[in-house]
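# Observations on the three-dimensional arrangement
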2 protein chains.
Amino acid sequence: MGEMTIAEVSKKYNVTPDTIRYYEKIGLLPTIPRTKNGIRNFDEQSCRWLEFIKCMRSAGMEIEILMQYISLYRKGKSTVNERKKLLEGQREKLLEKQKNINQTIERLNYKIELYEEITSGKRKDFTEEIF
Amino acid sequence: MGEMTIAEVSKKYNVTPDTIRYYEKIGLLPTIPRTKNGIRNFDEQSCRWLEFIKCMRSAGMEIEILMQYISLYRKGKSTVNERKKLLEGQREKLLEKQKNINQTIERLNYKIELYEEITSGKRKDFTEEIF
DNA sequence: TATTGACTTAGAGCTAACTCTAAGTGATAT
DNA sequence: ATATCACTTAGAGTTAGCTCTAAGTCAATA
């Protein structure tokens, strides 16, 4: 194991080959090993990075930020503290996002409940004030 | 009350005038009342819509979907059930998003904790496997 | 040997959601 | 009266993050 083509990695992590190549091109992935014919030959490390990026992206973290993080990682151990600060900043952002989503879900719950009462006939005072 | 200029509404809901005009242009807001000079004169209802849209957008709900919802609303009471279904579908999407964000926050917590242990000297086995 | 099919590249094109520009109007302050 | 200032419009421009196209290489199969 630890030798995969772009198609296999694409399938495994559900990220299109185009997106993977795009990530590599902009420096979001460390240099991926190649076969003698120049074909990408993903190792363990490359896969782990991709999986990490996928997870962060799924929460909406910006590519720009991930690039900064990888840039720090490339500079080695001296950047550990900066990396930690970067992640803390991003965690703050996600907590904010989490709050917004939770609020919006609550609001949807309320509205759906209202509509439920209307359609079930439980609530008769329906006016178009309710939207 | 119930008579506000675009500048006041913009300030109150923290949405730029440009964005508000854009929303109106694409039909995302009901027709906003105007003064005799053609200047927008926001009433209660317009404000409530804007606030609703802002809340939904803050959770990432697509404008296209919000337009569908408003289109149903405009058709009147007969669309109540469709509106409910639309909102239920969107709630599903938000629950998925919520899951992703929660997972990512957990992962960040773990990584930040790890970095904390490294910088505090508690953890000596630091290798660049940890990224 | 010819074709198939997965891979390669550079670079153009796309979508969502704004954001800005330029030119104009009309009420108010000096 | 003149200048200022918030408002108006249509439409162009921007940004992030892909996504697609065209042209080409190479190994394996019919």
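Since this is a predicted model, take the numbers as computed values, not measurements.

Quick look at the protein's contact with DNA strand C now. Contacts to DNA strand C come from 17 residues, most closely from Arg21(A), Arg40(A), Asp18(B), Tyr23(B) and Asn37(B). Taking all atoms of DNA strand C within 4 Å of the protein, the share assigned to sugar and phosphate is 72%. Residue Arg21(A) places a side-chain N or O atom 2.8 Å away from a phosphate oxygen belonging to DNA strand C. Arg34(A) has a polar side-chain atom sitting 3.2 Å from a phosphate oxygen of DNA strand C. Elements with a contribution of two residues or more to the surface near DNA strand C: α1 (6–13) and α2 (17–25) of chain A together with α2 (17–25) of chain B. Here the surface near DNA strand C takes four residues from α2(B), the largest share from any one element.

Within the secondary structure, Ser10(B) is located in helix α1 (residues 6–13). Setting aside its immediate chain neighbours within four residues, Ser10(B) contacts Val15(B), Thr16(B), Pro17(B) and Ile20(B).

Before going further, it helps to examine a positive patch on the surface. On the surface, a cluster of positive charge is made up of Arg57(A), Lys93(A), Lys97(A), Arg57(B), Lys93(B) and Lys97(B). Broken down by secondary-structure element, the contributors of at least two residues to the positive patch are α5 (80–119) of chain A together with α5 (80–119) of chain B. Tracing the chain through its elements places Arg57(A) in helix α3 (residues 44–58).

Where charged atoms of side chains with opposite charge meet at close range, the side chains can pair. As enumerated under the stated definition, the model contains 16 salt bridges over all chains in all. Ionic pairing is found between Arg40(A) and Glu24(A), a salt bridge with its closest N-O pair at 2.7 Å. Remark: Glu24(A) occurs in helix α2 and Arg40(A) occurs in the loop between α2 and α3; sequence separation between them is 16 residues. Notably, a salt bridge pairs Lys84(A) with Glu116(B), separated by 2.5 Å at the nearest N-O pair. Of the two residues, Lys84(A) sits in helix α5 while Glu116(B) sits in helix α5, which places them in two different chains. Within this structure, Glu24(A), Arg34(A) and Arg40(A) form a network of salt bridges that share partners.

Mean pLDDT for chain A: 94, with 95% of residues reaching 70 or above. The weakest mean pLDDT in chain A belongs to helix α4 (residues 63–75) of chain A at 95; the strongest belongs to α2(A) at 98.

We now examine the relation of the copies chain A and chain B. Rotating chain A by 180° about the axis while translating it 0.0 Å along that axis superimposes it on chain B, leaving an RMSD of 0.0 Å. Taken together, the turn and the small shift mark the pair as related by a two-fold rotation axis. Taking C-alpha positions as reference, the residue of chain A nearest the rotation axis is Gln98(A), located at 3.3 Å. Residue by residue, 100% of the interface of chain A is reproduced at the interface of chain B, so both copies engage with the same surface.

Quick look at the environment of Pro17(B) now. All names here are of chain B. Structurally, the position occupied by Pro17 is in helix α2. Here the alpha-carbon distance between Pro17 and Ile6, two residues eleven residues apart in the chain, equals 6.1 Å. In this structure, Pro17 is in contact with Ile6 and Ser10, ignoring residues within four places of it in sequence.

If you check the shell around DNA strand D, you find 17 residues, and the closest are Asp18(A), Tyr23(A), Asn37(A), Arg21(B) and Arg40(B). Here a phosphate oxygen of DNA strand D sits 3.0 Å away from a polar atom, N or O, in the side chain of Arg57(A). Between DNA strand D and Ala7(B), the relevant distance is 3.5 Å, taken from a phosphate oxygen to a main-chain nitrogen or oxygen of the residue. Taken together, the elements giving at least two residues each to the surface near DNA strand D come down to α2 of chain A together with α1 and α2 of chain B. The element that contributes the greatest number of residues to the surface near DNA strand D is α2(A), accounting for four residues.

Bringing the state of the cysteines into the picture now. In total, this model carries zero disulfides over all chains according to the counting rule given. Cys47(A) takes part in no disulfide bond, and the closest cysteine sulfur, belonging to Cys55(A), lies 16 Å away.

Rules used in this analysis
Residues numbered from 1 in each chain as written. Chains lettered and ligands numbered in written order. Predicted model: local features only at pLDDT ≥ 70, side-chain atom pairs only at ≥ 80, totals over all residues. Heavy atoms only, no water. Near = heavy atom within 4 Å. Polar contact = N/O pair within 3.5 Å; in protein donor to acceptor, adjacent residues only side chain to side chain. Helix = DSSP H or I, 4+ residues; strand = E, 2+ residues; numbered from the N terminus. Contact = heavy atoms within 4.5 Å. Patch = residues over 30% accessible without salt bridge, like charges linked within 9 Å, V, L, I, M, F, W, Y side chains within 5 Å. Areas by Shrake-Rupley, 256 points an atom, 1.4 Å probe, with all protein chains shown as cover. Salt bridge = Lys/Arg side-chain N within 4 Å of Asp/Glu carboxyl O. Lys, Arg positive; Asp, Glu negative; His and termini not counted. Charge placed at Lys NZ, Arg CZ, Asp CG, Glu CD. pLDDT = per-residue confidence, 0-100. Least-squares fit on C-alpha atoms with pLDDT ≥ 70 in both. Disulfide = S-S within 2.5 Å.

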